[in-house]
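Topology and contacts: notes
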Amino acid sequence: MATVTQENLGTLHEKIIIKLTKDDYLPAFTSSLKKQAKQASLPGFRKGMVPAGMLRKMYGPGIFQDEVLRLSSAQLEKYLLENKIEFLARPLPAESQAKLKLDMDHDGEYVFEYEYAAVPTMKLDLLDSKTTLPMYKVAVSDDMISEEVERFRYKAGNMKDVEEIAEQDNVLNVTLKESGVETTGEISESGEEVENQGKENSLLLKYFTPKAQKELLGKKVGDSLTMKIGEMMNEDVLPAIIKDLGLDPALEENKEKVFIIAIDKIGLIEKPELNEDFYKQIYPAQEINDEAVFRAQVKSDIENYWNTQARNFLHNEIYERFIHETKFEMPDNFLKRWLLVSEDKYKTMADVDAAYGSFEHGIRWELIMKKIVEENNIDVTR
């Protein structure tokens with residue numbers, strides 16, 4: 001008769017051991033083999049009349065393996081249900097199972113080992129502490145409204161080509177190329193390094209630093225400027241520009257890299273007047289006929305945006321506080337092996353290690369939410 005035992009391997013790491021004797025699997029194997037005999041049809045034999053020895057040799061190994069594995073799985077499921085075992089992930093065959101060989105000519109005992117991660121116990125200290133967190137309210141200033149109005153005017157404006165850079169509203173189509181770097185490091189089909197063609201971009205003159213603007217004023221198409229990227233671009237756009245160039249904006253040395261900015265085209269945005277046509281272009285579904293109403297709508301949109309950001313910020317604060325202040329251990333080594341075996345996207349343990357932090361946070365959050373729901377009898381309905 002099958003026996004099932006359990007063994008603790010470490011923190012929340014359990015092993016279930018299933019032992020099957022021939023009295024467990026032989027009757028099932030014999031029965032399945034007989035069913036196969038009734039259905040078997042081979043050239044030279046009538047259906048159901050294939051010799052038993054030939055059937056055993058042809059189909060026996062596969063049927064034997066299927067039946068033994070089926071019985072093992074059935075015993076595992078029965079044990080999990082009868083003992084009401086909760087686990088973080090489905091039980092996984094132990095690494096020792098790789099050496100297990102199922103042989104129909106060996107009618108001895110077979111041992112199956114499964115490992116699983118048990119559900120941890122926890123105490124929600126953050127709830128017990130009656131901690132409160134602020135829900136921030138961003139005050140929308142007149143300057144913020146004016147900036148947004150100007151952004152809309154740029155968006156709705158018409159572009160025309162001009163000969164030289166002369167004002168803040170000039171749009172420069174440029175190519176940025178690192179000084180002294182003639183190749184990209186890529187190899188062409190002919191085996192030669194690919195020439196560094198630079199990175200194209202479209203930038204308003206006001207995105208440049210005052211120093212760079214002074215150098216750029218009066219320049220025409222075909223002219224260029226050579227300067228450290230950190231001295232060329234304003235701080236608010238510098239990280240995005242550095243990232244667009246394929247560099248890491250977090251590294252200070254990247255700000256010191258010298259770039260040649262070649263001017264390919266110069267445009268000027270003709271911004272529309274603040275009138276009903278403009279208001280209709282920005283808010284086509286509304287009837288806005290004066291600037292005060294338009295600015296009020298812009299203010300409302302900005303407030304809605306920041307209210308959403310404030311809610312997201314609060315949700316993130318709650319998430320982070322619970323994750324870091326609710327202390328319980330996790331069976332990290334087992335969960336990493338489970339990910340490697342169960343998820344096709346992870347090819348090596350290095351891949352798992354790189355993604356494990358995010359995965360572990362997600363598991364912790366699921367367990368915390370489940371605990372909150374259970375302790376407070378929360379039932380979400382339509």
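Reading the values: the criteria
Residues numbered from 1 in each chain as written. Predicted model: local features only at pLDDT ≥ 70, side-chain atom pairs only at ≥ 80, totals over all residues. Heavy atoms only, no water. Pairing = 2+ DSSP bridges. Helix = DSSP H or I, 4+ residues; strand = E, 2+ residues; numbered from the N terminus. Patch = residues over 30% accessible without salt bridge, like charges linked within 9 Å, V, L, I, M, F, W, Y side chains within 5 Å. Areas by Shrake-Rupley, 256 points an atom, 1.4 Å probe, with all protein chains shown as cover. Salt bridge = Lys/Arg side-chain N within 4 Å of Asp/Glu carboxyl O. Buried < 20%, exposed > 50% of the residue type's maximum accessible area, 1.4 Å probe, protein only. Contact = heavy atoms within 4.5 Å. Lys, Arg positive; Asp, Glu negative; His and termini not counted. Charge placed at Lys NZ, Arg CZ, Asp CG, Glu CD. Axes fitted to C-alpha atoms, helices over the stretch in contact; angles between N-to-C directions. Parallel < 35°, antiparallel > 145°, perpendicular 65-115°, else oblique. Nonpolar A, V, L, I, M, F, W, Y, C, P; charged D, E, K, R; others polar. Left-handed = near helix turned anticlockwise from the far one by under 90°. Polar contact = N/O pair within 3.5 Å; in protein donor to acceptor, adjacent residues only side chain to side chain.

**Some remarks on the pairing of strand 1 (residues 3-10)**
Alignment of strand 1 against strand 2 (residues 13-20), held across seven bridges, turns out to be antiparallel. Residue Thr 5 lies in a different strand from strand 2, and its bridge partner there is Ile 17. What sits between strand 1 and strand 2 in their antiparallel hairpin is a turn of two residues, with Leu 12 showing a positive phi close to 55°.

**Focus: a nonpolar patch on the surface**
Residues Val 138, Tyr 305 and Trp 306 make up a contiguous nonpolar surface patch of roughly 270 Å² in combined accessible area. Structurally, the position occupied by Val 138 is in the loop between helix 3 (125-128) and helix 4 (142-156). Val 138 sits in the partly exposed class, given a relative accessible area of 31%.

**Let's talk about the side chain of Arg 337**
Mapped onto the secondary structure, Arg 337 falls in helix 10 (residues 332-342). By relative accessible area, which is 14% here, Arg 337 ends up buried. If we skip the residues at most four places from it in the chain, Arg 337 touches Leu 92, Pro 93, Ala 94, Glu 95, Glu 115 and Met 349.

**Side note on a negative patch on the surface**
Taken together, the side chains of Glu 276, Asp 277, Asp 290 and Glu 291 define an acidic patch exposed on the protein surface. Checked against the element boundaries, Asp 277 lands in helix 8 (residues 276-282).

**Things to note about the packing of helix 4 against helix 9 (residues 291-325)**
Following both chains from N to C, one finds helix 4 and helix 9 inclined at 105°, their axes separated by 10 Å at the closest point. Considering their axes alone, helix 4 and helix 9 lie roughly perpendicular with respect to each other. Facing helix 4, whose interface residues are Asp 142, Met 144, Ile 145, Ser 146, Glu 148, Val 149 and Phe 152, helix 9 presents Phe 294, Arg 295, Val 298, Lys 299, Ile 302 and Trp 306. Of the residues assigned to the contact of helix 4 with helix 9, the class counts are eight nonpolar, one polar and four charged.

**With respect to the sheet that holds strand 4 (residues 110-117)**
The strand order 1-2-4-3 describes an open sheet built from four strands, whose pairing is antiparallel. The strands lining the two open edges of the sheet, one partner per strand, are strand 1 and strand 3 (92-93). Here strand 2 runs beside strand 4; their pairing, made up of eight bridges, is antiparallel. When the sheet's bridge partners are listed, His 13 is paired in strand 4 with Ala 117.

**Concerning the pattern of salt bridges**
Pairing is possible between side chains of opposite charge, provided their charged atoms come close. One pass over the full model with this rule turns up 23 salt bridges. The salt bridge involving Lys 271 is made with Asp 169; its shortest N-O contact spans 3.5 Å. You can see Lys 271 sitting in the loop between strand 11 (258-270) and helix 8 and its partner Asp 169 sitting in the loop between strand 5 (158-161) and strand 6 (170-178), a full 102 residues away along the chain. A relative accessible area of 13% places Asp 169 in the buried class. The residue Asp 353 makes a salt bridge to Lys 336 at a minimum N-O spacing of 3.3 Å. Here Lys 336 lies in helix 10 and Asp 353 lies in helix 11 (residues 349-375), a separation of 17 residues in the sequence. For Asp 353, a relative accessible area of 41% gives the class partly exposed.

**Points about helix 10**
By the burial criterion, the buried members of helix 10 are Phe 334, Leu 335, Arg 337, Trp 338 and Leu 339. Those residues of helix 10 hidden inside the fold are in contact with strand 2, strand 3, strand 4 and helix 11.

**Looking at the packing of helix 10 against helix 11**
The contact between helix 10 and helix 11 brings their axes to 10 Å, and the two run at 115°. Crossing hand, helix 10 versus helix 11: right-handed. Contacts between helix 10 and helix 11 pair Asp 332, Leu 335, Lys 336, Arg 337, Leu 339 and Leu 340 from the former with Met 349, Val 352, Asp 353, Tyr 356, Phe 359 and Glu 360 from the latter. Along the lines of polarity and charge, the residues of the contact of helix 10 with helix 11 split into seven nonpolar, no polar and five charged.

**Concerning the environment of Ser 96**
By the secondary structure assignment, Ser 96 is in the loop between strand 3 and strand 4. Since its relative accessible area comes to 36%, Ser 96 is described here as partly exposed. Between the C-alpha atoms of Ser 96 and Phe 112, which are 16 residues apart in sequence, the distance is 9.0 Å. Among the polar contacts made by the side chain of Ser 96, one reaches the side chain of Glu 113 at a distance of 2.7 Å.

This is a description of form; function is not addressed.
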